[in-house]
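A closer look at the structure
Spelled out, the chains give:
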Amino acid sequence: MPKQAKTLPSCELLHALLDERIEHPEHTKKLDTKIKKSFEQLRTIFILDMSGFSKTVQRYGIIHYLAMIQRMRRIVRPIVSKFDGIVIKFEADNCFAVFPNPEKALLASEQIHHDLEIANLMTDDMSDVHVSIGIGHGPVLLFCEDMYGNELNLASKLGEDVAERGEILLTTAARKLVKNKKFRFKKVPITISGVTMHAHRLSTSAA
């Protein structure tokens, strides 16, 4: 497990520094530097979202969907750890995690899709779990059980709003760091908050 996965800075420290920043605006520059030094890390951000929430809940009820979420978490967590990632939090039917680099995040993503497909063979269609994944890379503020950053926002949009069931989408920053030639991507135009940009859809496995 990577060193950063063992311990994350406390929320209390961040909140204290933010309170000080509010109360002493004349110290903003110094406090911002301290916050970045204490909490900022350069990481690959991984956002997973389960598909079909509204339809499934309407047809089978919320408890049925909660059981599906539990199945997803039991499969996803050990795979994230296997590829040197750390789950920052599970929130509803989402998983927020970080990895050392995009290639490890891609390998984890592929295995997650594969293992979910195998697990789905053992359940009826109404219990099948399918996910979409967004991957970014950049500076992120990491603490206790949360994280913030521009690439996190982009990865969240890709994983939760843009990617279709079974898709893995990368931001341009993450795509640039993928050196393994066996990974192939298709560039796709997307619009996020009124801004048109490109995402990169994984189209070929490294296997």
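Structure: see above.
Here goes a summary of the coordinates provided. (Residues numbered from 1 in each chain as written. Predicted model: local features only at pLDDT ≥ 70, side-chain atom pairs only at ≥ 80, totals over all residues. Heavy atoms only, no water.)

1. Things to note about a nonpolar patch on the surface
A cluster of nonpolar side chains, F53, I62, I63 and L66, forms an exposed patch at the surface whose accessible area comes to about 410 Å². Here the nonpolar patch gets three residues from one element, more than from any other, and that element is helix α5 (residues 62–82). Summarising the element assignment, I62 is placed in helix α5. Assessed through its relative accessible area of 43%, I62 is described here as partly exposed. (Patch = residues over 30% accessible without salt bridge, like charges linked within 9 Å, V, L, I, M, F, W, Y side chains within 5 Å. Areas by Shrake-Rupley, 256 points an atom, 1.4 Å probe, with all protein chains shown as cover. Salt bridge = Lys/Arg side-chain N within 4 Å of Asp/Glu carboxyl O. Helix = DSSP H or I, 4+ residues; strand = E, 2+ residues; numbered from the N terminus. Buried < 20%, exposed > 50% of the residue type's maximum accessible area, 1.4 Å probe, protein only.)

2. As for the state of the cysteines
The full count for this structure, using the stated rule, is one disulfide. Residue pairing for C11: its cysteine sulfur links by disulfide to C144, the two sulfurs lying 1.6 Å apart. Handedness of the C11-C144 disulfide follows from its S-S torsion of about 50°: it is right-handed. Of this pair, C11 sits in helix α2 (residues 11–23) while C144 sits in the loop between β4 (131–143) and β5 (146–148), and the two are 133 residues apart along the sequence. (Disulfide = S-S within 2.5 Å.)

3. Here we look at the side chain of H113
On the secondary structure map, H113 appears in helix α6 (residues 102–120). Those residues in contact with H113 that lie beyond four places of it in its chain are V131, I133, G166, E167 and I168. (Contact = heavy atoms within 4.5 Å.)

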